Amino acid sequence: MASDPKTLSQSGLLSAEANQAAALAAYGGVLTVDLDAIIANWRKLEKTAVPAECSAVIKADAYGCGAAEVARALSKAGCKTFFVATIEEARKVRAAVPEPTIYVLGGYFQNTGEHYAKINCRPVIGDLNELAEWDVFCRRTGWNGGAAIHIDTGMNRLGLTLTEAQAIIPRINAGDHGITLVMSHLVSAEQLNSPVNARQLAAFRSIASEFAGVPAALANSSGIFLGAPFQFDLVRPGAALYGVNPTPEADNPMQQVVDLKARIVQTRSIERGETVGYGGTWTARRPTKLAIIAVGYADGYFRAASSNDGTRGAEVIVAGKRCPVAGRISMDLIAIDITDLPPNAARRGHMVTLLGEGITVDELAHHFGTIGYEVLTSLGHRYARIYKGGNAEEPLVKPAAVTAAEPPSAPPPIEQPPPGLPG
């Protein structure tokens, strides 16, 4: 029976290695996050963007890698600004790092002001109603924690229009406005020659220059590599920190961060002509040996990576050799064709590699029919997690959290917006 690794290590009954093995035995897969690789990626991006400040986007649990762990590692490395999507994400990050600036990309709503103030984080305001509501809260409470203004330059998703942004310039230039950042978001930064990039740059440069004394931010991960004109005062890398290629038209300049392994639960032999998996879509063309591994689409390994008689699916590394998926990926299990391996090279209990050893997030995304962002954020909660490097303070082995988050405190009374924006 697996035991709490901290309890075992305190007892002195098992070595560290045996303790780790005991802890991992309860899981079908092991997800290892290399915090040193994340730090190295952040430093490379920081160097590329000098003299702009390099922040870090750690929304969606740091793209599945663990927001608290990543925030602590990057804060120690010198990162001073983080971006998350929601107040609840900000609350968890603030518990891990008390000092850095935290921006919440999801914006400001009535009744949320005290939540922002309580954990000292800043809303990214992208609508005139939000701005009015935020002003009400600040006037009522005297809070001056700051906020960002998001201006839409072509994404047509969030943000003030250029006309709306122009209308609030007198208010900004009047002083005592509490705006600490003006930002926009690139549509096609990963496409070096997209004409949209130039149009957005021109629009943003023009409007940002009118926000006197307010730092500006435009570049995401890929935008950093578009060059100095796109970098302004602050850059906001996200996916590149976690190993996704920000320059898909060239080699990936980032280090791989995530290693994913799964346990073989059974090996079996089938005859030529037998089928494997749901629907019998994959047929053995020779006497075949299979390894069945304890990961499936419930763990974020997409069914789209299945193989059939006409299409080759994804591959995994077994005993140092690439072996193809055989048949449909199911909820909890994947069949792998290991016929070409030496006898006894793969046995029950051995671990195989789904990410790592040359299999990149972007390669897996290709087989999944999606992008690396979705691969990382889809990694499930049934893996044991190992954090290495970055002076990690967490236990070496721990499961991903599955319990419901503690609900936020009761909201303050409804804030009534004024008839119009203050001048």
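(A) How the structure looks around the packing of helix α3 (residues 35–49) against helix α5 (residues 67–77). Two elements in contact, α3 and α5, have axes whose closest approach is 10 Å; the angle formed by their N-to-C orientations is 50 degrees. Judged by the inter-axis angle, α3 sits oblique to α5. In this structure, α3 crosses over α5, and the sense of that crossing is right-handed. Two secondary-structure elements touch here, α3 through Leu-35, Ile-38, Ile-39, Trp-42 and Arg-43 and α5 through Glu-69, Val-70, Ala-73, Leu-74 and Ala-77.

(B) Focus on the pairing of strand β15 (residues 315–318). Of the two faces of β15, both are covered, the one formed by Glu-315 and Ile-317 as well as the one formed by Val-316 and Val-318. Strand direction decides the pairing type here: β15 and strand β16 (residues 321–324), joined by four bridges, are antiparallel. What sits directly across from Ile-317, in β16, is Arg-322. Connecting β15 to the next strand, β16, in antiparallel fashion are two residues, including Ala-319 with a positive phi near 50 degrees.

(C) Focus on helix α11 (residues 195–208). Under the 1.5 Å per step criterion, the end-to-end length of α11 is 20 Å for 14 residues, consistent within 8% with the ideal 20 Å. Residues of α11 that are buried in the fold lie against α9 (162–167), α10 (169–173), β8 (179–183) and β9 (216–217).

(D) Summary view of the side chain of Ser-307. Residue placement: Ser-307 occurs in the loop between β14 (288–293) and β15. Ser-307 gets classed as buried once you look at its relative accessible area, which sits at 4%. A polar contact is formed between the side chain of Ser-307 and the backbone oxygen of Val-325, at a distance of 2.6 Å. Non-local contacts of Ser-307, meaning those with residues more than four positions away in its chain, are made with Thr-281, Trp-282, Arg-312, Gly-313, Val-325, Ala-326, Gly-327 and Arg-328.

Criteria and cut-off values
- Residues numbered from 1 in each chain as written.
- Predicted model: local features only at pLDDT ≥ 70, side-chain atom pairs only at ≥ 80, totals over all residues.
- Heavy atoms only, no water.
- Axes fitted to C-alpha atoms, helices over the stretch in contact; angles between N-to-C directions.
- Helix = DSSP H or I, 4+ residues; strand = E, 2+ residues; numbered from the N terminus.
- Parallel < 35°, antiparallel > 145°, perpendicular 65-115°, else oblique.
- Left-handed = near helix turned anticlockwise from the far one by under 90°.
- Contact = heavy atoms within 4.5 Å.
- Buried < 20%, exposed > 50% of the residue type's maximum accessible area, 1.4 Å probe, protein only.
- Pairing = 2+ DSSP bridges.
- Expected span 1.5 Å × (residues − 1).
- Polar contact = N/O pair within 3.5 Å; in protein donor to acceptor, adjacent residues only side chain to side chain.

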